[in-house]
Amino acid sequence: MQSLSDSGAKDQAADRPLIAEFRAATKRYGTVLAADALSFGIGKGEFLSFLGPSGCGKTTALRMLAGFETPTSGEVYLDGERVTDVPAYRRPVNMVFQHYALFPHMTVAENISYGLMQRRPRADRADVARKVDRALDMVRLSGFGPRRIWEMSGGQQQRVALARAIVNEPKVLLLDEPLAALDRKLRREMQIELKTMQQDLGITFVFVTHDQSEALSMADSLAVFNNGRIAQIGTPSDIYAHPKTRFVADFVGSSNVLPPAMTQTLGGPAKWSSLRPEALRPAPFGPITGTVTALRYLGAGNRVTVSTQGQDIAALLPIGTPAPDIGDALTLTFDPAALHVMDDA
C-alpha cells in the first residue's frame, strides 16, 4: 500500500501500479466524522487489511471504495478513473459481507450466477454455467451447485459467498469481516484458504477486520485505523516490530507500552516506548526486577506479570522455562534492540 498522506509511513507499493486511491476522502454523518481526509493508494494484486476497533472508520472506508457511501469531500479512484460519484453496480469491485447475504430460495449455482444473469446483454447460459463451475472449483465446492443454501454449513455458505463474488472477475474484492461468524477452527482454515485463493487469482483483496492475529497472518499490508484516520500503514512485520504510536503498539499484538521515565531506566531516551512480552526472559541479572503479580498458562507458554516501579511488565515465558509463583521476585532482561521508541511525545 502506498501512502499519499503525512502519516510518515513508507511506500509499501512503490513497485506496484495502483488499482485504487483515496485522495483526502472524508465522510461525515451529521456531526460525526467517520473518515478524516484519508489519502493512500492500494497496489494491484495486494492483500490489504483495514484493521482497527469498532467505530474507527475502517468499514466506512471500505464502503466508500465499494460505492455504498459517497465521500462528503475528497475523491476515490479505481484503476486510474475517478469513481467518487459512480454507483456501486458500475464499479469493478465485488463485496463479501459478514452475513453472506445469500438467497435462501435459490440453489448454490443460482446464487453464484445471479450477478452474471443480471448483465445486459444477457450472458450465454452455457458460458455462465462454465464460470459457475470454475468458481465452485476455486472454493472447493465442486458438485455442490444443485444444493440449497440451507443444506450448507456455515463454512460452505461462506465459500458460496466468495464464489459469487469472484465469478464476476472483479478488479478488487472487498471483504467486510467475512469470517466473524465462524467458529475458531473453521476461521483459521478459511484464513489459509482466502490467502491461497488471493495468491492464485491475483485479485486485489481489501479485508476489514478487528482481529489483529487475522490481519497479521493474512495481509501483505496493514492500515491501522483510529478515530477515522490511519494511524500507521505498512507490512505486518514492520508495524508489529516498529509501532509509531502508543495506540498501534497496544492494539496490534500485545505490548508493554512504557512511559518516558521507564524508557530512560531501561537505557532509552525520555520518550514512550514499546517492549513486546516475548522479548523478555528471566535472568540472574537484568534491568527489570519486580514482584510476580499474575501468571497465566497459554498453552505455548506462560504469561507472567511483574510489578516494578509502579509499572506492570508482561513477559511471555516459553514452555520449558520454570514458571515462578505469584509473590516471587523475578528479574528480566532483553536485547536492547527490542526496546522500540515511538513517535508519541
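This one's a predicted model, so the numbers in the text were calculated from it and none came from an experiment. Here the residue numbers are simple positions, counted from 1 along each chain's written sequence. The predicted nature of this model means local features are confined to residues of pLDDT at least 70 and side-chain atom pairs, given and counted, to a pLDDT of 80 or more, with totals for whole chains, interfaces and linings taken over all residues. Water and hydrogen atoms play no part in the side-chain values, which are based on all heavy atoms of the structure.

Along the backbone of the protein chain there are 9 helices and 19 strands. The C-alpha extent of the protein chain, read off along each of the three principal axes, is 75 × 45 × 40 Å. Contacts are residue-level and defined by heavy atoms, with any inter-residue pair within 4.5 Å sufficient. Long-range pairs, those at least 24 residues apart, make up 64% of the contacts in the protein chain between residues at least 6 apart in sequence. Total accessible area on the protein chain stands at roughly 16000 Å², and carbon and sulfur atoms take up 51% of it. The convention is simple: Lys and Arg are positive, Asp and Glu are negative, and His and the chain ends are not counted. Where a charge lies is defined by one atom per residue type, namely NZ (Lys), CZ (Arg), CG (Asp) and CD (Glu). Distance between charge centroids for the protein chain: 5 Å, based on 37 positive and 36 negative side chains. The helix and strand labels rest on DSSP assignments: H or I over at least four residues marks a helix, E over at least two residues marks a strand, and numbering proceeds from the N terminus. For the area figures, the Shrake-Rupley method with a 1.4 Å probe applies, and any residue is considered shielded solely by the protein chains shown.

Next up on the list: helix 2 (residues 108-117). Buried within helix 2 we find Val108, Asn111, Ile112, Ser113, Leu116 and Met117. Where helix 2 is buried, its residues meet helix 3 (125-138) and helix 4 (154-166). Burial classification: accessible surface area is computed with a 1.4 Å probe over protein chains only, and a residue below 20% of its type maximum counts as buried, one above 50% as exposed, and the rest as partly exposed.

Okay, the environment of Glu46 next. Secondary-structure assignment places Glu46 in the loop between strand 3 (32-43) and strand 4 (47-51). Residues Glu46 and Arg16, spaced 30 residues apart in sequence, show a C-alpha to C-alpha distance of 8.7 Å.

On to the pattern of salt bridges. What counts as a salt bridge is simple: a side-chain nitrogen of Lys or Arg found within 4 Å of a carboxyl oxygen of Asp or Glu. One pass over the full model with this rule turns up 17 salt bridges. A salt bridge links Asp79 to Lys44; its shortest N-O distance comes to 3.5 Å. Here the residue Asp79 occupies a position in the loop between strand 5 (73-78) and strand 6 (81-82), and Lys44 occupies one in the loop between strand 3 and strand 4, the gap between them amounting to 35 residues. Classification of Asp79 by relative accessible area gives partly exposed; the value is 28%. Overlapping salt bridges, with partners in common, bring together Lys27, Arg63 and Glu69 in one network.

Of the grid points, spaced at 1 Å and generated over the protein atoms alone, those admitting a 1.4 Å probe that cannot get out make up cavities, while open sets with protein on both sides within 12 Å along at least five of seven lines make up pockets; any residue with an atom within 4 Å of a point is treated as lining. Grid points are joined across faces, edges and corners, and a volume is the space filled by probe spheres set on the points. Its boundaries defined by the atoms lining it, the largest pocket holds a volume of some 690 Å³. Considering the residues around the largest pocket, the lining is formed by 24 residues, among which Tyr89, Val93, Asn94, Gly115 and Asn168 are closest to the centre. When contributions to the lining of the largest pocket are tallied by element, the ones reaching two or more residues are strand 7 (93-96), helix 2 and helix 4. For the lining of the largest pocket, the element with the most residues is strand 7, which contributes 4 residues. Following the grouping adopted for this structure description, the nonpolar residues are Ala, Val, Leu, Ile, Met, Phe, Trp, Tyr, Cys and Pro, the charged ones are Asp, Glu, Lys and Arg, and the polar ones are all others, Gly among them. The residue inventory of the lining of the largest pocket, partitioned by class, reads 16 nonpolar, 4 polar and 4 charged. Taken as a whole, the second largest pocket holds about 300 Å³ of empty space. Taken together, Tyr240, Ser254, Pro277, Glu278, Arg296, Leu298, Ala300, Gly301, Arg303 and Leu316 make up the lining of the second largest pocket.

Let's shift gears to the packing of aromatic side chains. For any pair of aromatic rings, geometry is given as the distance between the ring centres together with the angle between the planes. Planes of paired rings set the category: under 30 degrees apart is stacked, over 60 is edge-to-face and the rest tilted, where pairs are Phe, Tyr or Trp rings (Trp by its six-membered ring) whose centres lie within 6.5 Å. Counted under the stated rule, the structure contains 8 aromatic pairs. A centroid spacing of 6.0 Å and a plane angle of 45° characterise the contact between Phe47 and Phe207, whose relative ring orientation is tilted. Pair noted here: Phe47 is in strand 4 and Phe207 is in strand 9 (residues 204-209), with a separation of 160 residues, a long-range link. According to the relative accessible area criterion, Phe207 is buried, its value standing at 1%. Their ring planes at 55° and their centres at 5.1 Å tell us that Phe50 and Phe225 sit as a pair that is tilted. Here Phe50 is found in strand 4, whereas its partner Phe225 is found in strand 10 (residues 221-226), with 175 residues between them in sequence. The exposure class of Phe50 is buried, given its relative accessible area of 0%. Of the aromatic side chains, those joined through ring pairs into one cluster are Phe22, Phe40, Phe50 and Phe225. Its end group placed over the ring of Tyr77, Arg23 keeps NZ or CZ at 4.0 Å from the ring centre. Whether a charge lies above a ring is judged from NZ of Lys or CZ of Arg, which has to be within 6 Å of the ring centre and within 35 degrees of the ring normal.

This next bit is on the packing of helix 2 against helix 3. How two helices sit against one another is set out by the angle between their axes and by the gap between those axes. Convention adopted: a line fitted to C-alpha atoms gives each axis, helices being fitted over their contacting stretch, and angles between N-to-C directions are expressed from 0 to 180 degrees. For the pair helix 2 and helix 3, interaxial distance at closest approach is 10 Å and the crossing angle is 125°. Judged on the interaxial angle alone, helix 3 and helix 2 are oblique. Once helix 2 is placed against helix 3, the crossing between them reads as right-handed. Within the contact between the two elements, helix 2 uses Val108, Ala109, Ile112, Ser113, Leu116 and Met117 and helix 3 uses Arg125, Val128, Lys131, Val132, Ala135 and Leu136. Of the residues belonging to the contact of helix 2 with helix 3, the class tally is 9 nonpolar, 1 polar and 2 charged. An angle below 35 degrees is read as roughly parallel, one above 145 as roughly antiparallel, one from 65 to 115 as roughly perpendicular, and any other as oblique. Left-handed is the label given to a crossing in which the near helix is rotated counterclockwise from the far helix by less than a right angle, and right-handed is the label when the rotation is clockwise.

Strand order in the open sheet formed by 5 strands is 14-18-15-16-17, and the pairing between neighbours is antiparallel. The two strands at the open ends of the sheet, each matched to only one other strand, are strand 14 (281-282) and strand 17 (311-318). Two strands pair when backbone bridges link them, and strand 15 (residues 288-297) and strand 16 (residues 301-308) are joined in this way by 6 bridges, in the antiparallel orientation. Across the sheet, the residue bridging to Leu295 is Val304, located in strand 16. Any two strands are treated as partners once DSSP identifies two or more bridges connecting them.

Examined bridge by bridge, strand 2 (residues 18-29) and strand 5 share 5 bridges and lie antiparallel to one another. Residue Ala20 lies in a different strand from strand 5, and its bridge partner there is Leu78. Alignment of strand 5 against strand 6, held across 2 bridges, turns out to be antiparallel. Its bridge partner being in strand 6, Tyr77 is matched across the sheet by Arg82. Hairpin connection of strand 5 to strand 6: 2 residues between the antiparallel strands, including Asp79 at a positive phi of 50°.

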